[in-house]
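Per-entry structural report
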Amino acid sequence: RQRDNVRRLLGEYVSEQIAERLISLEQSTHETDGDDNIQNNGELVCGERTDCVMLFCDIRSFTAFSESTDATEVVQRLNMWFDVAVKACSAHGGVVDKFIGDAIMVTFGGVVPLTTPSA
């Protein structure tokens, strides 16, 4: 039941695939070694090297558009853009790191490994 609640809450913010990966990591046994390093099933957890892709994407000429357009319309357009961008990135395993003005920063392969990192 607790797992379902966590999955439901995570599902509001991340894809089901990412939620499952995070839940599976959380359910693993965590211990500390003598140096207070966290261990997961005997493996040292201090980060991992992985191939990932960072996407930075923004709207061309947005500054000019925003300076000459009513603020309400600017916000509506941004919301539409972010909705489309987040859905597209999530559908391909991306995790939104942050929004920066009209830009979006997305990581692919950080939580869920990339199937074709060179593609």
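Nothing here was measured: the structure is a model prediction, and the numbers come from that model.

1. Digging into the packing of aromatic side chains
Scanning all chains against the criterion turns up three aromatic pairs. Ring geometry for Phe62 against Phe65: centres 6.1 Å apart, planes inclined by 45°, an arrangement best described as tilted. Here Phe62 pairs with Phe65, and both are found in helix 3 (residues 62–67), just three residues apart, close to one helical turn. Judged by its relative accessible area of 12%, Phe62 falls in the buried class. By relative accessible area, which is 23% here, Phe65 ends up partly exposed. Consider the rings of Trp81 and Phe82, whose centres lie 6.3 Å apart with planes at 40°: the pair is tilted. A relative accessible area of 13% places Phe82 in the buried class. Taken together, Trp81, Phe82 and Phe99 form an aromatic cluster joined through their ring pairs.

Scoring rules and cut-offs
Residues numbered from 1 in each chain as written. Predicted model: local features only at pLDDT ≥ 70, side-chain atom pairs only at ≥ 80, totals over all residues. Heavy atoms only, no water. Phe/Tyr/Trp six-rings, centres within 6.5 Å; stacked < 30°, edge-to-face > 60°. Helix = DSSP H or I, 4+ residues; strand = E, 2+ residues; numbered from the N terminus. Buried < 20%, exposed > 50% of the residue type's maximum accessible area, 1.4 Å probe, protein only.

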